[in-house]
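Structural overview for review
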Amino acid sequence: DNQRLALLLELGQLAEAQAKHQGGDAAAPLIEQAIDAYSEALTLDPAHELALGSLVALCQLDGRWGLIAETLERAPKTTLFLRTLVEAYQQLGQPEGLARALDDLLPLLTDQGEILATLQQLAEMYQRLERPSDEIRVWERIYELSPELIFGDSNILLQLEHRYGASGRHAEQASLLQ
């Protein structure tokens, strides 16, 4: 398997190099060969970083977001791969996959501003998906990190108040309104 993996990676790299050298329409079949080689390599080792990175880069050039999403769902959950997975699901217009990828990305983020922006995006995604318990969970997390963000935006406050009421959490609803 290691020999086969090495061979597939070499084939992918050669096809990719030839495609760059030839350019234009002549490069298309070579790019396909490279994508096929990297895809097959990933069946042997789904976490192989060179194969993942090369496949994703080639697919981004072609706008093959479906293949990117399919590949990165099986990849290690790194910040880079999850950011790319988020982008793929955005491009594909798949809110369920996007919500899952954002949820996976959150624990890896360290910048407070980015965490809050991602949480807001996730809360809005859960609202669109009509998943009120998940939406409330995310708004509560935003409140824990930045209460002024919740209290500073009447739309967010009203949305959270509505969700509390709709889910029968009247004590939380009442405390929010005080």
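Described below are features of the structure shown in this document. Every value quoted in this text rests on a predicted model; they were computed, and no experiment measured them. (Residues numbered from 1 in each chain as written. Predicted model: local features only at pLDDT ≥ 70, side-chain atom pairs only at ≥ 80, totals over all residues. Heavy atoms only, no water.)

Moving on to the overall build of the protein. Secondary structure summary: the protein contains 11 helices and 0 strands in total. Shown N-terminal to C-terminal, the secondary structure of the protein runs as helices and strands in the order α-α-α-α-α-α-α-α-α-α-α. When the 178 residues of the protein are sorted by exposure, 39% land in the buried category. Contacts spanning at least 24 positions in sequence make up 44% of the contacts within the protein whose residues lie at least 6 apart. Surface exposure of the protein reaches about 9700 Å², of which carbon and sulfur atoms provide 51%. (Helix = DSSP H or I, 4+ residues; strand = E, 2+ residues; numbered from the N terminus. Buried < 20%, exposed > 50% of the residue type's maximum accessible area, 1.4 Å probe, protein only. Contact = heavy atoms within 4.5 Å. Areas by Shrake-Rupley, 256 points an atom, 1.4 Å probe, with all protein chains shown as cover.)

Another aspect to go through is helix α1 (residues 2-22). For α1, spanning 21 residues, the distance from its first C-alpha to its last is 30 Å, which sits close to the expected 30 Å at 1.5 Å a residue. For α1, the set of buried residues is L5, L8, L9, G12, A15, E16 and A19. Each buried residue of α1 lies within a common arc of 130 degrees when the element is viewed along its axis, so the set occupies one face. Away from its buried face by more than 90 degrees, α1 exposes N2, Q3, L7 and H21. At its buried positions, α1 is contacted by α2 (27-44) and α3 (49-62). Two residues or fewer after α1 comes G23, characterised by a positive phi angle close to 65 degrees. (Expected span 1.5 Å × (residues − 1). Arc of directions from axis to C-beta.)

Moving on to the environment of L11. Note on placement: L11 falls in helix α1. For L11, a relative accessible area of 46% corresponds to the partly exposed category. C-alpha separation for the pair L11 and Y38, spaced 27 residues apart in sequence, amounts to 8.5 Å.

Attention shifts here to the side chain of H48. On the secondary structure map, H48 appears in the loop between α2 and α3. Looking at H48, its side chain comes within polar contact range of the main-chain nitrogen of A51, at 3.3 Å. (Polar contact = N/O pair within 3.5 Å; in protein donor to acceptor, adjacent residues only side chain to side chain.)

Let's shift gears to the environment of P132. As for its placement among the helices and strands, P132 is situated in helix α8 (residues 132-145). Put simply, P132 and A166 are 34 residues apart on the chain and 8.6 Å apart in space, counted from C-alpha to C-alpha.

Next up on the list: unusual backbone geometry. A positive phi is found at E130, a non-glycine position, where the angle reads about 55 degrees. Mapped onto the fold, E130 is located in the loop between α7 (112-128) and α8.

Attention shifts here to the pattern of salt bridges. Two side chains that carry opposite charge are able to pair once their charged atoms sit near each other. This structure, assessed with the given rule, holds 9 salt bridges. Between E114 and R83 there is a salt bridge; the shortest N-O distance is 2.3 Å. Of this pair, E114 sits in helix α7 while R83 sits in helix α5 (residues 79-92); the two residues are 31 residues apart in sequence, bridging distant segments of the chain. Judged by its relative accessible area of 25%, E114 falls in the partly exposed class. For R83, a relative accessible area of 37% puts it in the partly exposed group. Between D103 and R137 there is a salt bridge, with its nearest N and O atoms 3.5 Å apart. (Salt bridge = Lys/Arg side-chain N within 4 Å of Asp/Glu carboxyl O.)

Before going further, it helps to examine α2. Here α2 is 18 residues long and its end C-alpha atoms lie 26 Å apart, about the 26 Å a rise of 1.5 Å per residue gives. The set of residues buried in α2 consists of A27, L30, I31, A34, I35, A37, Y38, A41 and L42. Axial view of α2: buried residues confined to an arc of 165 degrees, hence all on one face. Contacts from the buried residues of α2 go to α1, α3 and α4 (65-73).

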